Structures are given as structure tokens and as C-alpha cells.
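Notes for the structure review
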Amino acid sequence: MAGHTENSITVDAPLDLVWDITNDIENWPRLFTEYSSLEVLSREGDTTAFRLTMYPDDNGKVWSWVSERTVDRAARTVRARRVETGPFAHMNILWEYTELPGGTQMRWTQDFAMKPDAPVDDEWMTDNINRNSRTQMALIRDRIEQVARDRENASALPS
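Just so it is clear, the model here is predicted, and its values are computed rather than measured. (Residues numbered from 1 in each chain as written. Predicted model: local features only at pLDDT ≥ 70, side-chain atom pairs only at ≥ 80, totals over all residues. Heavy atoms only, no water.)

**Concerning the pairing of strand S6 (residues 88–100)**
In regular strands, side chains alternate between the two faces of the sheet. Put simply, the test is: In this analysis, strands are considered paired if DSSP registers two or more bridges between them. We count a stretch as a helix when DSSP gives it H or I for four or more residues in a row; a strand needs E for two or more, and each element gets its number in order from the N terminus.
One ladder, built from five bridges, connects strand S5 (residues 77–82) with S6; its direction is antiparallel. From the neighbouring strand, alanine 80 faces S6, where its bridge partner is isoleucine 93. Counted along the chain from S5 to the antiparallel partner S6, the turn is five residues long, and its residue glycine 86 has a positive phi close to 55°. As defined by bridge partners, S6 adjoins strand S7 (residues 103–114) across 12 bridges and the pair is classed as antiparallel. Residue pairing for S7: tyrosine 97 is matched across the bridge by methionine 106. A loop of two residues connects S6 with S7, the two strands running antiparallel in sequence, and glycine 102 in this loop sits at a positive phi of about 80°.

Structure (C-alpha cells):
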């Protein structure tokens, strides 16, 4: 069996702003609440390899891994995969951005499988990713919408 999740959210902000903020990976520790640090390891064209480190989990374990992501601005997609898979047999992620009237839809699709000796199974991880994705997407939406409001207010000020 393998795991598959799809989660989406609509952000009341222009596509360019949503794209720029969510693809500024060096800023991810301030954008996501689960990442304590991100180190860029290499960049080649539109592909970036980086190490993500999470805050300690409830048992005090710090999870860290290397991922690689390739942005395609023209197609409004980002494809990512774990290079250091840890407990996953594989983990592939697709981010899609769709311009809508009054906002931008951001969709995350994750396809993965847990290794047989992983501490959790595919079903547990599917539930965990779905729950966490909804939480992180809502936080990201709120942060981007605040930036959009701040920019709108700043541009409305008399010169």
C-alpha cells in the first residue's frame, strides 16, 4: 500500500505574491511553524537541494532530511522529493497554484510509502500529513493575506 494526500486552500492574494512567499525557501522557518531551520545545499537551474530540520517532536526527537525541489513558474507547479528518505520508502510532493477570481488556490499533493520498519504505517502517516497540511496551509494563508493587506494599505497612503 502507499499513501496519497491532496490538500488545498484559497489565499486572498495575487498569484505572484503567493508564489514568491511560498517559494522563498530560506524563509520557510518563519513561514511554517514546524521547521526550525533550512539550509540550502545546492542550486542548479530551477532545482534546489536543501536540508530541513523540524522542531523536536513530542518524544524529543529532531527529524531532519534532504529534499530537492524544482520550480516551474510557467506551469505554476513545484515538484519535490525527499533525497534522504528516512522512514519513507519514497516521498514525492507536487505544489500547484491556480489563479482564481479574488485569490489563488494552492494545492499540495503528496505520494509516499513508509518503509516496512518505519515506526508508523501508511495509514497513520496519511492522517498525520492531512492534519498537518491543513494546519500549515491555514497559517500560510493567514500570513500571506496579512502581507497582501499591508501592501494594499501602504499603497493607499498619500505620497
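**Remarks on helix H1 (residues 15–22)**
Operational definition: Three exposure classes are used, based on accessible area relative to the maximum for each residue type with a 1.4 Å probe and protein chains only: buried under 20%, partly exposed in between, and exposed over 50%.
Extensive coverage of H1 is indicated by the burial of six of its eight residues. Among all positions of H1, only Leu15, Leu17, Val18, Trp19, Ile21 and Thr22 are buried.

**Description of helix H3 (residues 122–156)**
Every α-helical turn comprises 3.6 residues, leaving residues that sit three or four positions apart pointing alike. Inclusion rule: An expected span of 1.5 Å times one less than the residue number is assigned to each helix. Only heavy atoms matter for contacts: two residues are in contact if any of them lie within 4.5 Å across the pair.
With 35 residues, H3 extends 50 Å from end C-alpha to end C-alpha; this agrees with the ideal 51 Å at 1.5 Å per step. Along H3, the positions that sit buried rather than exposed are Asp122, Met125, Thr126, Ile129, Asn130, Ser133, Gln136, Met137, Ile140, Ile144, Glu145 and Ala148. In this fold, the buried residues of H3 make contact with strand S1 (3–11), H1, helix H2 (28–31), S6 and S7.

**Focus: the environment of leucine 15**
Tracing the backbone through its elements, the reader meets leucine 15 in helix H1. When the C-alpha positions of leucine 15 and tyrosine 55 are compared, they lie 30 Å apart, and in sequence the two are 40 residues distant. With residues near it in sequence (within four places) discarded, leucine 15 still touches Arg73, Arg76, Tyr97, Glu99 and Thr104.

**Observations regarding the pattern of salt bridges**
To be explicit about the condition: Here a salt bridge means any side-chain nitrogen of Lys or Arg lying within 4 Å of a carboxyl oxygen belonging to Asp or Glu.
In the structure shown here, the tally under the stated rule is seven salt bridges. For arginine 73, the salt bridge is made with aspartate 16, and the minimal N-O distance between the two is 2.1 Å. Taken together, the positions of arginine 73 in the loop between strand S4 (64–72) and S5 and aspartate 16 in helix H1 put the pair 57 residues apart, joining distant regions of the chain. For arginine 73, a relative accessible area of 33% translates into the label partly exposed. Relative accessible area serves as the criterion here: at 46%, aspartate 16 is assigned to the partly exposed category. Of the charged contacts, one joins arginine 141 and aspartate 142 as a salt bridge, the two residues approaching to 3.0 Å between their closest N and O atoms. Accessibility expressed as a relative area gives 25% for arginine 141, which makes it partly exposed.

**What about the packing of aromatic side chains?**
Condition: When two rings of Phe, Tyr or Trp (its six-membered ring) have centres within 6.5 Å they constitute a pair, described as stacked for plane angles under 30 degrees, edge-to-face for angles over 60, and tilted for the intermediate range. Look at NZ for Lys and CZ for Arg. If either is within 6 Å of the ring centre and within 35 degrees of the ring normal, a charge sits over the ring.
Applying the stated criterion across every chain yields a total of 10 aromatic pairs. Here a set of aromatic residues connected by ring pairs shows up, and it is made of Trp19, Trp28, Phe32, Tyr35, Phe50, Trp95, Tyr97 and Trp108. Between the NZ or CZ atom of lysine 61 and the centre of the ring of tryptophan 63, over which it lies, the distance is 4.5 Å.

**Considerations on the environment of threonine 10**
Examined against the element boundaries, threonine 10 turns out to sit in strand S1. Threonine 10 sits 144 residues away from alanine 154 along the chain, and the two C-alpha atoms are 23 Å apart. If near-sequence neighbours (up to four positions away) are discounted, threonine 10 is found in contact with Leu100, Thr104, Gln105, Arg141 and Glu145.

**Quick word on the nonpolar core**
Applicable threshold: Only buried residues count toward a nonpolar core. Its members are Ala, Val, Leu, Ile, Met, Phe, Trp, Tyr and Cys residues joined through side-chain atoms within 4.5 Å.
Counting residues in hydrophobic clusters, the biggest one holds 26 residues, and the most contacted among them are Trp28, Phe32, Trp95, Tyr97, Met106 and Ile144. Counting residues per element, the ones that place at least two in this core are S1, H1, H2, strand S2 (35–44), strand S3 (47–54), S6, S7 and H3. Per element, the largest residue contribution to this core is five residues, and it comes from H1. Discounting chain neighbours no more than four positions away, the residues touching methionine 106 are Asn7, Ser8, Ile9, Thr22, Trp95, Glu96, Tyr97, Met137 and Ile140. The next biggest cluster of nonpolar side chains, apart from the first, holds seven residues, and it includes Met91, Phe112, Ala118 and Met125.

What is shown is where atoms sit, not what they do.
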